[in-house]
Amino acid sequence: MADTLLKAKAIIKEFGAPVPTRVLHGIDLSIECGEFCALIGNSGSGKSTLLNIIGALDRPSGGQVFIEGIDLAGLTDDELAFFRNQTMGFIFQFHFLLPQFTVLENVLIPHLIYRGKADKSARDRAMYLLEQVGLLHRRDYKANSISGGEQQRAAIARALMNQPRLILADEPTGNLDSKNSAHIFNLMRKINQENQTTFLIVTHDRNMAFSADRIIELKDGLIVRDECVCGQDPNQMLAVIEPLY
Ligand SMILES: Nc1ncnc2c1ncn2[C@@H]1O[C@H](COP(=O)(O)OP(=O)(O)OP(=O)(O)O)[C@@H](O)[C@H]1O
Ligand SMILES: [Mg+2]
């Protein structure tokens, strides 16, 4: 039996005061090591909120998140930051590279956060990752002087720097054209297959969703669909999945 990487139990999230609005209504979700999952749903359905809670960027109002059996609620903020740095990689729609630093320096940042300096092995790993994402030739460029697709590839390399077991991606191709989107998707798939890295990817891109192993759909803060799509014909599935926008 595969190991469980993530277990979310009865996750509730409320925002606002004095009258709180509940946006997640009790999410139960379990993801095995090495799974490649798409998280879909209409705008406002709670995808980013759930991803942020799973990634310990935000705390739930109720329920528990376990990553590799560790209850995130039991960690202090400092412990949580360290755990996140070691276990998870984040890829966002807008990559949040530091513009004044080079591509190589940006990739090294997750390492620098907990080590303070980068030794040769860290630099070698960053170079290896840049090669993997096809950006070795851009390593000394400032992050704001490369293209949008290149910046997103650099963000993927950065997310992989500390060899995370879980990658959380929130619309990673949302601001890219179809050619660059396909490139980024294939890259994430390759990383998943070669390293057994687990992925949970929020996407509005139908092709990307159907190329995942599993589609999880949120509606109004609840999971309304959770199914394996491995090997299924997207065209046949169109009838059962509503438009993603
Ligand atoms: N910090 C916040 N304060 C108050 N309400 C919030 C906050 N963050 C999210 N919400 C609300 O929670 C609901 C879910 O938002 P969320 O960003 O998770 O949706 P989403 O599914 O990611 O949407 P999209 O596809 O547009 O990114 C929305 O109604 C949103 O307005
Ligand atoms: Mg969102």
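Residues numbered from 1 in each chain as written. Chains lettered and ligands numbered in written order. Predicted model: local features only at pLDDT ≥ 70, side-chain atom pairs only at ≥ 80, totals over all residues. Heavy atoms only, no water.

What follows is about the site of ligand 1. Every residue near ligand 1 is listed here: F15, V23, N42, S43, G44, S45, G46, K47, S48, T49, E171 and H204. At a separation of 2.6 Å, an oxygen atom of ligand 1 approaches a polar side-chain atom of S43. A distance of 3.0 Å separates an oxygen atom of ligand 1 from a polar atom in the backbone of G46. Here the shell around ligand 1 gets three residues from one element, more than from any other, and that element is helix α1 (residues 47-54). (Near = heavy atom within 4 Å. Polar contact = N/O pair within 3.5 Å; in protein donor to acceptor, adjacent residues only side chain to side chain. Helix = DSSP H or I, 4+ residues; strand = E, 2+ residues; numbered from the N terminus.)

Tracing the backbone through its elements, the reader meets T198 in strand β8 (residues 198-202). Here G34 takes part through its backbone nitrogen, which lies 2.7 Å from a polar atom of the side chain of T198. When residues no more than four places from it in sequence are discounted, the contact partners of T198 are L5, I31, E32, C33, G34, E35, R165, L166 and I167. (Contact = heavy atoms within 4.5 Å.)

Before going further, it helps to examine the sheet that holds strand β7 (residues 166-170). Spatial strand order, β6-β7-β8-β3-β9-β10: six strands in an open sheet with mixed pairing. Every other strand in the sheet has two partners, leaving β6 (88-92) and β10 (222-228) as the edge strands with one partner each. Within this sheet the neighbouring strands show an average axis-to-axis angle of 15 degrees, counted without direction. Taken together, the four bridges between strand β3 (residues 36-40) and β8 define a ladder with parallel strand orientation. Note on β8: the bridge partner recorded for L39 is V202. Along the sheet, helix α2 (residues 77-87) makes contact with β6 and β7, crossing β6 at roughly 80 degrees. (Pairing = 2+ DSSP bridges. Axes fitted to C-alpha atoms, helices over the stretch in contact; angles between N-to-C directions.)

So, about the packing of aromatic side chains. Applying the stated rule across the entire model yields five aromatic pairs. Aromatic pair F90 and F92: ring centres 6.0 Å apart, planes at 5 degrees, arrangement stacked. Looking at F90, the relative accessible area reads 16%, which means it is buried. One aromatic cluster is present, formed by F36, F185 and F199 through successive ring pairs. One Lys or Arg, R138, reaches over the ring of Y141 and ends 4.8 Å from the middle of that ring. Its guanidinium or amino end placed over the ring of F36, R189 lies 4.3 Å from that ring's centre, counting from NZ or CZ. (Phe/Tyr/Trp six-rings, centres within 6.5 Å; stacked < 30°, edge-to-face > 60°. Buried < 20%, exposed > 50% of the residue type's maximum accessible area, 1.4 Å probe, protein only. Lys NZ or Arg CZ within 6 Å of the ring centre and 35° of its normal.)

Attention now goes to the pattern of salt bridges. This structure, assessed with the given rule, holds eleven salt bridges. E14 is the partner of R22 in a salt bridge, and the nearest nitrogen-oxygen pair spans 2.8 Å. R22 sits in the partly exposed class, given a relative accessible area of 39%. Judged by relative accessible area, E14 falls into the partly exposed class, the value being 29%. The closest approach of N and O atoms between R59 and D77, which form a salt bridge, is 2.9 Å. Taken together, the positions of R59 in the loop between α1 and β4 (62-67) and D77 in helix α2 put the pair 18 residues apart, joining distant regions of the chain. Residue R59 is classed as partly exposed on the basis of its relative accessible area of 33%. A relative accessible area of 56% means that D77 is categorised as exposed. Residues participating in the shared-partner salt-bridge network are E35, R214 and D226. (Salt bridge = Lys/Arg side-chain N within 4 Å of Asp/Glu carboxyl O.)

The strand order across the open sheet formed by four strands is β2-β1-β4-β5, and the pairing between neighbours is antiparallel. The two strands at the open ends of the sheet, each matched to only one other strand, are β2 (21-32) and β5 (70-71). Along the sheet, α1 makes contact with β1 (4-15), β2 and β4, crossing β2 at roughly 60 degrees.

Shape descriptors only; they carry no functional weight alone.
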